[in-house]
Amino acid sequence: MSGFQPYAELDGNYSDASATACPWPVARDLLTGAEVYWLSTVRPDGRPHVTPLIGVWADGALHFATGAEERKARNLAANPEVVVTTGNNTMGEGLDVVVEGRAERVRDDGRLSLLATAWEAKYGPEWHFDVRDGAFASGGRTALVFDVRPRTVFGFGKGALFSQTRWRFS
């Protein structure tokens, strides 16, 4: 999926008249380089839950880790549908990206080892993880790893020309 290029569709209702659709590689690069993402899940009683986290974009998906007893992990056990956002908090420039998809647990130790290497390369040695029994391990704690393969992604361009681009993956 890493070479997949979804079609970029500009929504003229929410874009300046001279705006153009944002190319997927621009959004993908933002997802790859972002330091912080915001994960939205739904509690079993239907209330929303949003939390900042770190993650790695690799192989066409966003990957994040969480303890099994954390609120987001418990929410995902009941409902794996999520929204992940990242971008910048100004109106005058940048691109905000919203990823809609399903969080799936990553259990393969080989894949987890590659992701652990990517985490450390992105965030530094303080984010070193060992891989044990289908999870990340560090400092006596275990973290479950999830991937979110996008179903739909929205890009909100800001600055001189406001735009709304949609990419569909399924």
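Coordinates for the structure precede this section.
Residues numbered from 1 in each chain as written. Predicted model: local features only at pLDDT ≥ 70, side-chain atom pairs only at ≥ 80, totals over all residues. Heavy atoms only, no water.

A. Geometry of the pairing of strand β6 (residues 81-86). Every second residue of β6 is oriented toward a common face, the buried set being Val-82, Val-84 and Thr-86 and the non-buried set Glu-81, Val-83 and Thr-85. As paired elements, strand β2 (residues 37-42) and β6 share three bridges and run antiparallel to each other. When the sheet's bridge partners are listed, Ser-40 is paired in β6 with Val-83. Direction of pairing for β6 relative to strand β7 (residues 95-106): antiparallel, over a ladder of six bridges. What sits directly across from Thr-86, in β7, is Val-97. (Buried < 20%, exposed > 50% of the residue type's maximum accessible area, 1.4 Å probe, protein only. Helix = DSSP H or I, 4+ residues; strand = E, 2+ residues; numbered from the N terminus. Pairing = 2+ DSSP bridges.)

B. Spotlight on the environment of Val-99. In this structure, Val-99 sits in strand β7. Along the primary structure Val-99 and Val-26 are separated by 73 residues, whereas in three dimensions their C-alpha atoms are 14 Å apart. In contact with Val-99, other than residues within four places in its own chain, are Leu-31, Val-82, Val-83, Val-84, Val-148, Pro-150, Thr-152 and Val-153. (Contact = heavy atoms within 4.5 Å.)

C. Molecular detail of the packing of aromatic side chains. Under the counting rule described, the total for this entry stands at 10 aromatic pairs. Taking the centre distance of 4.4 Å and the plane angle of 15° together, the rings of Phe-129 and Phe-136 count as stacked. Among the aromatic side chains, those forming a connected cluster through ring pairs are Trp-119, Tyr-123, Trp-127, Phe-129 and Phe-136. (Phe/Tyr/Trp six-rings, centres within 6.5 Å; stacked < 30°, edge-to-face > 60°.)

D. Main features of the pattern of salt bridges. Across all of its chains, the model carries 11 salt bridges by this definition. Through salt bridges that share partners, Glu-81, Arg-102, Glu-104 and Arg-151 make up one connected network. (Salt bridge = Lys/Arg side-chain N within 4 Å of Asp/Glu carboxyl O.)

E. Region of interest: unusual backbone geometry. Here the phi dihedral of Asp-59 falls at roughly 55°; this positive angle occurs in a residue that is not glycine. Summarising the element assignment, Asp-59 is placed in the loop between β4 (56-58) and β5 (61-66). Despite not being glycine, Asp-133 has its phi angle at roughly 55°, a positive value. By secondary structure assignment, the location of Asp-133 is in the loop between β8 (130-132) and β9 (135-138).

Geometric descriptors of this kind do not, in isolation, establish any biological role.
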